[in-house]
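Descriptive structure summary
Here is how the chains run, residue by residue.
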Amino acid sequence: MEINATNLFKTYHKSLDAAKREVIHGLDFSAQKGDTIAIMGPSGSGKTTLLNLLGTLDAPDTGDIVLGGKLLKEMKEKEILNLRNQKIGFIFQFHHLLPQCTLWENVLLPTLPHKVDKKGVSQHAEELLRYMGLWDYRNSKPGELSGGECQRTAVARALINKPQLLLADEPTGSLDEKNALALMDLLVGFNKEMGVTLIIATHSLDIAKQMDRIYGIKDGKLVKL
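First things first, this report covers the structure right here in the doc. Numbering of residues starts from 1 in each chain and follows the order in which that chain's sequence is written. Reporting of local features is limited, given that this is a predicted model, to residues whose pLDDT is at least 70; pairs of side-chain atoms are given and counted only at 80 or more, and all residues count toward the totals for whole chains, interfaces and linings. Derived side-chain values reflect all non-hydrogen atoms in the structure, with water molecules and hydrogen atoms excluded from consideration.

To form a nonpolar core, buried Ala, Val, Leu, Ile, Met, Phe, Trp, Tyr and Cys residues must be joined to one another through side-chain atoms within 4.5 Å. Each residue's exposure class comes from its accessible area (1.4 Å probe, protein chains only) as a fraction of the maximum for that residue type: buried when under 20%, exposed when over 50%, partly exposed otherwise. Counting residues in hydrophobic clusters, the biggest one holds 39 residues, and the most contacted among them are Met 132, Leu 166, Leu 187 and Ile 200. The numbering of helices and of strands both runs from the N terminus, where a helix is a DSSP run of H or I of at least 4 residues and a strand a run of E of at least 2. Those elements that place two or more of their residues in this core are β3 (36-40), α3 (103-108), α4 (118-131), α5 (147-159), β7 (165-169), α6 (177-194), β8 (197-202) and α7 (205-208). The biggest single contributor to this core is α6, with seven residues. A contact between two residues is defined here by any heavy atoms of the two lying within 4.5 Å. Setting aside its immediate chain neighbours within four residues, Met 132 contacts Arg 152, Val 155, Ala 156, Leu 159, Leu 186 and Phe 190. Membership of the second largest hydrophobic core comes to 30 residues, among which are Leu 8, Phe 29, Leu 54 and Tyr 215.

Here it is, written out as structure tokens:
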């Protein structure tokens, strides 16, 4: 997915009486289909805020974001919701799988709001789980599996709707080195095979070096590293 964001500003208020905290200040960002980009910076620098803005989970105070040729501020709320559900995949530091559901059910959750080809979706889910070495655990629940296995399931869930944009916020932060490297191999592999645009927020330089471009956030703006 092509992305163009221009002159973004985002300010948060911790409480009604607290001073404003400007996280994003005049930030510009662009990406082409199939790009891999790392966003680095310490906690509180604005990495997660930027991903939330690009993923339509939050809106900038001012500025424009164009995703796949569509200007977000000109879209209706339902249109943005459909764009988010159908074209954008999210991976977080913690997998957020539903503990009462099996891996198979967790992976299929994002497809529930849509009228889909059930046979085609099931086939895609099987392909994803087999690719990630999770097929034999499809009927297991998250509490029965390791952290790495749960995080790989979260990746499958993020990819089930065949998104054009994949946003990963510290996806390896809760994993050991071995599982972190394995997860990154999967993400890079999906980027190459599916042409999905991959944007990762990370503290890890080793993770960031696997991306085509690396940026930091300084004073609310992106700087190339």
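Attention now moves to the side chain of Thr 102. Counting through the fold element by element, Thr 102 comes out in the loop between β6 (88-91) and α3. The exposure class assigned to Thr 102 is buried, which follows from its relative accessible area of 13%. If near-sequence neighbours (up to four positions away) are discounted, Thr 102 is found in contact with Arg 138, Asn 139, Ser 140 and Lys 141.

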